[in-house]
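Geometric and topological summary
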Amino acid sequence: MKIDKGKISGIQFMFTVACFIQSSSLLTSFFTSITNQDSWIIVIMGFIVSIIPLLIYGYIMKTFPDENLIEINDIVFGGIIGKIFSVLYLWFFMTLSSLNIRDLGDFVQRTTMTKTPPIIVISIFVLLCAWTVRNGIEVVTRYSMFFTLIAILIVISTSLLTINQMNIDNFLPIFDQPKMVYIQGTHIISTIPFGEIVVFLMINSNLEIEPKKRRKYFIYGFIIGGLTLLTIVLRDTAVLGNTMKIFSLPSFETLRLISIHSTLSRVEVLFAVSLIILMFFKICILYYVTVMSVAYIFKLKSFKSLVASIGVISIIYSFNIYPTVIEHMNSASKTAPFQWLLYETILPLITMIVIKIRKLPKLKKGMIS
């Protein structure tokens with residue numbers, strides 16, 4: 001029995017994926033502080049590497065078009081092992097949700113509401129997210145197209161406004177760093193944020209798309225989001241050069257320069273508002289899949305009773321993951337990518353292999369082309 005019977009179209013799904021990736025522009029400092037002027041190359045390399053897990057997700061979605069990730073685990077691995085896989089994913093979704101909640105609170109507190117305690121900001125946003133999640137996947141994803149297009153418009157317009165600050169020499173020298181730097185940077189961006197799209201396996205059963213076409217919309221959304229992220233990194237590199245590594249928010253610092261050398265002022269506030277909206281959207285997605293994971297693991301008939309309690313747990317968890325922003329960035333650059341690899345690549349790969357070995361689904365003919 002489906003707990004949330006809401007459906008989303010192919011176009012809506014495509015823009016949902018794109019918006020989810022765009023919201024991670026706040027996290028570029030995780031790799032720009034390491035890869036410096038070659039950060040744009042790292043985005044391209046990470047994009048290419050991420051195609052592999054994306055194809056795995058697409059295969060799983062096509063094979064089980066009527067099930068979400070928790071249901072797929074039960075079918076593929078059975079009750080006991082399937083529950084172990086599902087609990088691991090639940091921890092991952094909860095952690096991502098809490099990390100992004102904390103990131104949003106810190107960002108707002110540092111850029112727009114400097115005298116407001118993060119707990120106040122976080123509580124208000126989680127309350128808004130809770131209201132959205134309670135209304136189901138249709139409401140969660142309803143404005144994905146609008147948010148995506150607004151984000152693209154802001155990136156393009158701010159790039160044009162910073163042309164007079166750009167210097168081609170900031171991209172030089174190219175490929176002048178140790179090989180391990182490129183490997184580390186590619187690993188970071190392929191797991192944070194690209195690999196995080198594994199969460200969309202949880203809304204697979206809500207897609208009103210033919211099984212064969214799901215991978216196509218998934219890839220299109222991934223491309224839109226990836227190109228937006230690449231444009232942001234190119235813009236910031238052209239303006240800031242190697243000084244990017246000293247900023248925790250490179251894009252915010254880039255846009256501050258507009259108010260110094262143009263008739264426009266406080267353009268960075270526009271970026272802050274757009275990023276807050278995108279982060280709100282991403283948190284809603286993560287919040288939703290976390291709630292649904294709990295509901296399906298415990299086979300509940302409704303998910304709405306879980307929304308408030310999961311929200312409170314997420315707030316508490318968000319303040320206990322990392323004591324400071326610096327420790328968060330340090331973990332994201334060194335340890336988190338290895339941990340995330342388990343949930344984003346290894347577990348889905350095992351799932352795909354078992355599906356092929358067991359020739360699933362055995363009871364649903366004609367599902368696999």
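Structure: see above.
Notes on the structure in this doc start here. (Residues numbered from 1 in each chain as written. Predicted model: local features only at pLDDT ≥ 70, side-chain atom pairs only at ≥ 80, totals over all residues. Heavy atoms only, no water.)

1. A short note on the packing of helix H1 (residues 10–22) against helix H10 (residues 214–240)
Where H1 meets H10, the closest approach of the two axes is 7 Å, and the angle between their N-to-C directions is 35°. With respect to the hand of their crossing, H1 and H10 are arranged in right-handed fashion. Contacts between H1 and H10 involve Gly10, Ile11, Phe13, Met14, Val17, Ala18, Ile21 and Gln22 from the former and Arg214, Tyr217, Phe218, Tyr220, Gly221, Phe222, Ile224, Gly225, Gly226 and Thr228 from the latter. Class assignment of the residues belonging to the contact of H1 with H10 gives a composition of eleven nonpolar, six polar and one charged. (Axes fitted to C-alpha atoms, helices over the stretch in contact; angles between N-to-C directions. Helix = DSSP H or I, 4+ residues; strand = E, 2+ residues; numbered from the N terminus. Left-handed = near helix turned anticlockwise from the far one by under 90°. Contact = heavy atoms within 4.5 Å. Nonpolar A, V, L, I, M, F, W, Y, C, P; charged D, E, K, R; others polar.)

2. As for empty space enclosed by the protein
Empty space among the atoms becomes visible once a probe the size of a water molecule is rolled across them. Scanning all chains against the criterion turns up six cavities of 30 Å³ or more. When its volume is computed, the largest cavity comes out at roughly 210 Å³. Together, 19 residues line the largest cavity, and Asp103, Asp106, Arg110, Val325 and His328 are the ones closest to its centre. For the lining of the largest cavity, the elements supplying multiple residues, two or more each, are helix H2 (29–35), helix H5 (79–111) and helix H15 (325–334). With six residues, H5 is the single largest residue contributor to the lining of the largest cavity. Grouping the constituent residues of the lining of the largest cavity by class yields ten nonpolar, five polar and four charged. (1 Å grid on protein atoms, 1.4 Å probe; cavity = no way out; pocket = protein on both sides within 12 Å on 5 of 7 lines; lining within 4 Å. Points joined across faces, edges and corners; volume = space filled by probe spheres on them.)

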